Amino acid sequence: MVYIIVTLAVLARFVPHVVNFSPVYGALLFGGAHLKKRDSVWFPVTLLGASDIVLTNFVYHLNIGWMELFQMAAFASIALIGWLLRRRFAVGRFIAACFAGPTAFYLISNFGVWLGWHTYPATWEGLVRCYVAAIPFYGYSLGSSFLFAGVLFGIYEFYLARSAGRQHAKA
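The model shown is predicted, which means the values in this text are computed figures rather than measured ones.

Rules used throughout
- Residues numbered from 1 in each chain as written.
- Predicted model: local features only at pLDDT ≥ 70, side-chain atom pairs only at ≥ 80, totals over all residues.
- Heavy atoms only, no water.
- Axes fitted to C-alpha atoms, helices over the stretch in contact; angles between N-to-C directions.
- Helix = DSSP H or I, 4+ residues; strand = E, 2+ residues; numbered from the N terminus.
- Left-handed = near helix turned anticlockwise from the far one by under 90°.
- Contact = heavy atoms within 4.5 Å.
- Nonpolar A, V, L, I, M, F, W, Y, C, P; charged D, E, K, R; others polar.
- Patch = residues over 30% accessible without salt bridge, like charges linked within 9 Å, V, L, I, M, F, W, Y side chains within 5 Å.
- Areas by Shrake-Rupley, 256 points an atom, 1.4 Å probe, with all protein chains shown as cover.
- Salt bridge = Lys/Arg side-chain N within 4 Å of Asp/Glu carboxyl O.
- Buried < 20%, exposed > 50% of the residue type's maximum accessible area, 1.4 Å probe, protein only.
- 1 Å grid on protein atoms, 1.4 Å probe; cavity = no way out; pocket = protein on both sides within 12 Å on 5 of 7 lines; lining within 4 Å.
- Points joined across faces, edges and corners; volume = space filled by probe spheres on them.

(A) Quick peek at the packing of helix H3 (residues 42-59) against helix H4 (residues 68-82). Where H3 contacts H4, the two axes come as close as 10 Å, and the packing angle between them is 145°. Viewed along their axes, H3 and H4 form a crossing whose handedness is right-handed. Packed against H3, whose contacting residues are Val45, Leu48, Gly49 and Asp52, the element H4 presents Glu68, Gln71, Met72, Phe75 and Ala76 at the interface. For the contact of H3 with H4, a count of residues per class yields five nonpolar, two polar and two charged.

(B) Region of interest: a nonpolar patch on the surface. Taken together, Met1, Ile4, Leu8, Leu11, Phe14, Val54, Phe58, Val59, Tyr60 and Leu62 make up a surface patch of nonpolar side chains, about 1,100 Å² in accessible area. Sorting the residues of the nonpolar patch by element identifies helix H1 (2-11) and H3 as the ones contributing at least two each. With respect to the helices and strands, Val59 occurs in helix H3. Residue Val59 is classed as partly exposed on the basis of its relative accessible area of 45%.

(C) A look at unusual backbone geometry. Phi is positive for His61, close to 55°, though the residue is something other than glycine. Judged by its relative accessible area of 62%, His61 falls in the exposed class. The backbone of His118 sits at a positive phi, close to 55°, despite the residue not being glycine. Mapped onto the elements, His118 comes out in the loop between helix H5 (91-117) and helix H6 (124-133). Residue His118 is classed as exposed on the basis of its relative accessible area, which comes to 65%.

(D) Representation of the layout of surface pockets in the model. Within this model, the largest pocket holds a volume of roughly 1,300 Å³. If you trace the largest pocket, you find 41 residues lining it, with Val19, Asn20, Gln71, Phe105 and Trp117 closest to the centre. Of all elements in the fold, only helix H2 (24-34), H3, H4, H5, H6 and helix H7 (135-170) reach the threshold of two or more residues within the lining of the largest pocket. With eight residues, the single largest contributor to the lining of the largest pocket is H5. Among the residues making up the lining of the largest pocket, the classes are represented as 26 nonpolar, 12 polar and three charged. Considered as a void within the structure, the second largest pocket measures approximately 200 Å³ in volume. Lining the second largest pocket are Met1, Val2, Ile5, Phe30, Leu152, Ile155, Tyr156 and Tyr159. Counting only elements with at least two residues in the lining of the second largest pocket, the list comes to H1 and H7.

Written as structure tokens, this is what we have:
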């Protein structure tokens, strides 16, 4: 079921939405917490890479380049942060993961933008300007992380509690 949830979140990228506001961030955290550990990074990153190829080449009619590696590393970082929720789910850990995931994505992906797009000067000031310009997108990713991770983890915890109740009733 977790594999299906992650796949559906990636497919949601093909539905029109506000930039950086999609279930992807929440699903990466959820997958990091609940997929088999060996699959928790490669599976969603492979799906996201494939969707990026389709979106970039066929929807946006752009060329995919080496900067895609920064994007994939940024997505992988969110799944790795989901590992914090693997052993023990707690509200504090959940809040920290919902902040840390989009923050890692913001830092890694925008470093790639600064390094590769040459939109900003190759100086410290240029890097700062790149990060400042991306703040609105960071806000969207934070909001979507809390919303979608909250929904996914909430439904999962509800399902577990309900299943445990049924098992207890049978005993």
